[in-house]
Amino acid sequence: MENLIALLVAAPLLGAAVLLCGGRALDRAGHWLGTLLAAASFVVAVVLFADMLGKGAEERTLSQHLFSWLPVEGFQADVAFQLDQLSMTFVLLISGVGTLIHVYSIGYMEHDERRRRFFGYLNLFLAAMLLLVLADNYLLLYVGWEGVGLASYLLIGFWQHKPSAATAAKKAFLVNRVGDMGLSIAIMLMFTTFGTFAFGPVLEATGETSEGKLTAIGLMLLLAACGKSAQVPLQSWLGDAMEGPTPVSALIHAATMVTAGVYLIVRSGAIFNGAPEAQLVVTIVGAVTLLFGAIVGCAKDDIKKALAGSTMSQIGYMILAAGLGPIGYVFAIMHLVTHGFFKAGLFLGAGSVMHGMNDEVDMRKYGGLRKYMPVTFVTFGLGYLAIIGFPGLSGFFSKDKIIEAAFAKGGTEGWILGSVALLGAAITAYYMTRVMLLTFFGEKRWQPDAEGHAPHPHESPKTMTIPMIVLAFGSVFAGGFFGIGDRFLHWLEPVTGHKHGHSPLSAATVTGATVGVLLIGVALAYLQYGRGPVPVTAPRGSLLTRAARRDLLQDDFNHVVLVRGGEHLTRSLVYVDHTLVDGVVNGTAATMGGLSGRLRKLQNGYARSYAVSMFGGAAVLIAATLLMRAV
Amino acid sequence: MTQLAAYTTSTGEAFQFWILGTVAVIGALCTILMKKAVHSALCLAGTMIILAVFYLANGAYFLGVVQIVVYTGAIMMLFLFVVMLVGVTAADSLKETIKGQRWLALLCGLGFAVLLFAGIGNASVKEFNGLGKANAGGNVEGLAELIFTKYVFAFEITGALLITATVGAMVLTHRERTERAKTQRERSEERVREGKHLPPLPAPGVYARHNAVDIAGLLPDGTPSELTVNKTLRERGQIRDVSSEALDDLRALEQRSTDRLERPDLRATDSGRTEEASK
Amino acid sequence: MNPVNYLYLAALLFAIGATGVLIRRNAIVVFMCIELMLNACNLAFVAFSRMHGNLDGQIIAFFTMVVAAAEVVVGLAIIVSLFRSRHSASVDDASLMKL
């Protein structure tokens, strides 16, 4: 059975190779080939999953050793896969959602002449992402990690004729590099500390390692996670990444790639368990991002950017949960899966709306679309209910558990984290309701596009709606399926471990509070956007709103601190170079020149002068000889 | 005290040493201080002869003779030949042209002297054997025995060295003729083509009051013509100039004749005539 | 009188010769000064020969004379050819290496 694992990666990789190298001959059928191979990967995943379910909890881990990659003495890097429950969860999510989005893209990218290339990139992404979650060592994981970064770069900049897309791709790439540097440093630290970077030996050896080293590795891993998962302070690229085609936003920047950071932290759980300070930093990052993303989401009028803020915020929840340690790992992954469903659904819905509205993205120019796009409306609405945590739907189960776990951390920290999570839930309800109301309710505020075509909203083709419907099913039922009877907990527990926290509040209280803040958020949004007409151009807004529209000044911050700082650093380095380095160099040259100028006078070309030197030298030699004899 | 007696020499030798030694030092000083190379050479020859006397006094009879024959007789004469060749009357300026050279040279010389004196003073010269035993069979025979036994290879090599030096001197001074010498006819044709000095060059002293080779002949107007002097002397700058003297004499003579004949206009017509003649 | 005085005389003559080499510009005089230095050495050798009571010192002096003769021949040839090409026997004029 384990021989099938390589097939998971090989199928989309083959697709990418064929589609990217194949040339125009594949233009007509390329998208079908790409979708077929993604689906093949999913089928293999399902087969493996079925096989895994048939075994006992302890025998479920499969591994496949393909070949020795770098067989150096003392440095063994293997291409080997490991499929356990955690990987399986990710594989199913990635290949499942990936296949759906391939199908959706067939419709969405129908009129794009570079569709074949797009599918090639999507397949490349799938292969890299599956490699990332299947790798059995950190080095191979790093290969996948860079692979998804590359695919993300290529797909964000897919419409590179738009300068904004090209810039956004570059920005994403650069910010990701910072995180990647963290991961590479973490891997180097692991190698020096443990002598290996395979998951098994590294995670087993954490018990005997000093806390300082674990903290260092943990913080570097967190930096990597921050870059890939758009967490504060490396969050700035995600909003701009929405310049890419919407399926890309749905697959990469909502459901799968951005959750790689969560995977990394949960996978390295043993390291973080041994480093409480690193864990604390993880929870702080999660909590800050949670609020940050939510606040940004409230102010954005661009539907995709609002959803991007939401993504950031939801991943903040996951990181927060992962930072809680064994109390939260399972819930982090559970929220990750449910979020994969509903956020992908929401993005696909947003794409569908844009498809019908001449690629308009400003929500203030939508309004009243529910009659024109019923399928989109229903699926988007179900995703909306799921994300705000409406009781009974997916988000309710997963988010509620995270809030509960945050309180269960105990002490002041627990209270603060729990309250932040609750506040986040309220804001989530507010901004998602705002998106919902602005898009599907109220009066029509449609504007003709730049070429003067008035929009004619219509329902999207079947290839687009069917994936949305499937994802809506997931949004509705996944949470209940996982949460009721702790199915997901039992599934993942052998890998991640689990510990029940003792919450100062009872489960019922937390649930009640969650539902309460949810209603407050919805009510506030309704009061603001549901009752009166919404202005087409955004009002000036308060200071916070304006800041949030500018992504809470993240780019200004980066500009002032990094760009200006870098410029100043460069200038001072240039100054140092000119004065100190050049000074030393020129000074040496000048000293040598001056000395030579003086020594040159000894070489005056007169034989008699040289004779004087010879006699003087001989005299000195004789004097030295006499002195030595006298001594 | 007995040992000390062995150190000393006879009073006669001491007397000779102090007198001749002083002369030798004076000769050496003159060698380096005389302006003319000839004087230097002569002083050096004197010093060498005194050294020959010292060799004899020290029992080196053969060397003493060789010193006089080879050094003073041959080498110093060679020096004098070269001095003659280069210019016997040319006096060197003793003014120093390189900054600090003289002081450095004096410092070096003094330093050397002091060091050598110190070295000799420190050296343990306790044994003083005299050459009585070594010279018993005759000084020349003793030397010959050493040269042809112990030092025979060195002797042969010095022979080779002398031959090499001779050949080297010939090679150095020999000038290869790179083109055919011009015939008399070619040279006369060349002279005609150049249009200068068709006749042979004037002899020195033709119009002059002297007939020495180094005094330029005077032209009709009393100015000296350098063409009349040998080219070698001209190049060395060894022309004696008596023209101004001659002109003054001429002027005085004319003045006297004018006074006597009471012809006031003679000088003007005379000078006019000389101008014509010079044309 | 102590025969060591011959050595002092030789040292004095040597130093005078050395000074002459350094201060004179005329190549012929310089050469003469070198001869003076060689002669001073010879005097020292002869005096040593007498002190030690063997003839080896005289042999060395003899060889010195031979070498000096060879040297004079070549040196004077050089001076003559130098004079021929530069019309000067000054050692300072032969300073092509001068800056």
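Residues numbered from 1 in each chain as written. Chains lettered and ligands numbered in written order. Predicted model: local features only at pLDDT ≥ 70, side-chain atom pairs only at ≥ 80, totals over all residues. Heavy atoms only, no water.

### Focus on the overall build of chain B
Helix and strand counts for chain B come out as 11 helices and 2 strands. Along chain B, from the amino end to the carboxyl end, the secondary structure elements read α-α-α-α-α-α-α-α-β-β-α-α-α. The buried share among the 279 residues of chain B stands at 30%. Relative to all contacts within chain B whose residues are 6 or more apart in sequence, the contacts with residues 24 or more apart total 50%. (Helix = DSSP H or I, 4+ residues; strand = E, 2+ residues; numbered from the N terminus. Buried < 20%, exposed > 50% of the residue type's maximum accessible area, 1.4 Å probe, protein only. Contact = heavy atoms within 4.5 Å.)

### Some words on helix H4 (residues 115-134) of chain A
With 20 residues, H4 of chain A extends 28 Å from end C-alpha to end C-alpha; this agrees with the ideal 28 Å at 1.5 Å per step. H4 of chain A sits mainly inside the fold: 19 of its 20 residues count as buried. (Expected span 1.5 Å × (residues − 1).)

### Describing the interface of chain C and chain B
Listed by partner, the interface residues are 68 residues for chain C and 88 residues for chain B. In total, chain C and chain B occlude about 7100 Å² of area from one another, counting both sides; carbon and sulfur atoms represent 75% of this. Of all residues in chain C, the largest losses of buried area upon contact with chain B belong to Met 1, Met 32 and Arg 50 of chain C, amounting jointly to 10% of the total for that side. For the interface between chain C and chain B, the tally reads 2 salt bridges. Scanning the region where chain C abuts chain B turns up 12 residue pairs in polar contact (both at pLDDT 80 or more). Looking at the side of chain C that touches chain B, the elements that each hand over two or more residues are helix H1 (4-23), helix H2 (27-52) and helix H3 (56-86) of chain C. Sort the elements by how many residues they give to the side of chain C that touches chain B and H3 of chain C lands first, with 23 residues. Across the side of chain C that touches chain B, the residue classes break down as 47 nonpolar, 14 polar and 7 charged. (Buried area = accessible area lost by both parts, 1.4 Å probe. Salt bridge = Lys/Arg side-chain N within 4 Å of Asp/Glu carboxyl O. Polar contact = N/O pair within 3.5 Å; in protein donor to acceptor, adjacent residues only side chain to side chain. Nonpolar A, V, L, I, M, F, W, Y, C, P; charged D, E, K, R; others polar.)

### Examining the UniProt feature "transmembrane region" (unreviewed entry) in chain C
The sites that UniProt annotates as "transmembrane region" (unreviewed entry) are residues 6-23, 28-48 and 60-83 of chain C. Secondary structure over residues 6-23 of chain C splits into 100% helix and 0% strand, and the C-alpha atoms at its two ends are 26 Å apart. (UniProt positions renumbered as here; feature names shortened; annotations may be inferred.)

### A short note on the interface of chain A and chain B
At the junction of the two partners, chain A supplies 12 residues and chain B supplies 9 residues. The contact between chain A and chain B buries some 960 Å² in all, and 76% of this surface belongs to carbon and sulfur atoms. Considering only the surface of chain A that becomes buried against chain B, Arg 608, Val 612 and Leu 626 of chain A emerge as the three largest contributors, covering 49% of it. Here chain A is connected to chain B by 1 residue pair in polar contact (both at pLDDT 80 or more).

### Description of the nonpolar core
Side chains of a nonpolar character, in soluble globular proteins, are inclined to be buried together. By size, the foremost hydrophobic cluster in this structure holds 188 residues, and its most contacted members are Leu 134 and Ile 333 of chain A. Dropping the residues within four chain positions of it, Ile 333 of chain A is found in contact with Leu 86, Thr 89, Phe 90, Val 262, Val 266, Phe 488 and Leu 492 of chain A. Val 38, Leu 51 and Cys 108 of chain B together with Phe 62 of chain C belong to the second largest nonpolar core, which has 86 residues in total. (Core = buried A, V, L, I, M, F, W, Y, C linked by side-chain atoms within 4.5 Å.)

### Considering the side chain of His 498 of chain A
Residues and elements named next belong to chain A. Within the secondary structure, His 498 sits in the loop between helix H20 (487-496) and helix H21 (507-530). Residue class for His 498 comes out buried when judged on its relative accessible area of 16%. Polar contacts involving the side chain of His 498 include one to the main-chain carbonyl oxygen of Pro 326, which spans 3.2 Å. When near neighbours in sequence (up to four residues on either side) are disregarded, His 498 contacts Pro 326, Ile 327, Val 330, Phe 331, Leu 489 and Glu 493.

### Focus: the confidence of the model for chain C
Residue and element names in this part refer to chain C. When pLDDT is averaged along chain C, the result is 88, and 97% of the positions lie at 70 or above. Here H3 stands out as the element of chain C with the lowest mean pLDDT, 89, in contrast to H1, whose mean of 93 is the highest. ipTM for the predicted complex: 0.92, alongside a pTM of 0.63. (pLDDT = per-residue confidence, 0-100.)

### Focus: the pattern of salt bridges
All told, the structure shown has 19 salt bridges over all chains when counted by the stated rule. Here Arg 434 of chain A makes a salt bridge to Asp 301 of chain A, at a shortest N to O gap of 2.7 Å. Here Arg 434 of chain A, found in helix H18 (residues 411-440), pairs with Asp 301 of chain A, found in the loop between helix H13 (276-299) and helix H14 (303-323); they are 133 residues apart in sequence, far enough to count as distant. With a relative accessible area of 1%, Arg 434 of chain A lands in the buried category. One salt bridge connects Lys 150 of chain B with Asp 56 of chain C, and the closest N-O pair in it is separated by 2.8 Å. Of the two residues, Lys 150 of chain B is situated in the loop between helix H6 (139-148) and helix H7 (152-173) and Asp 56 of chain C in helix H3; the pairing between them involves two chains. The network of salt bridges with common partners includes Glu 146, Arg 177 and Asp 180 of chain A.

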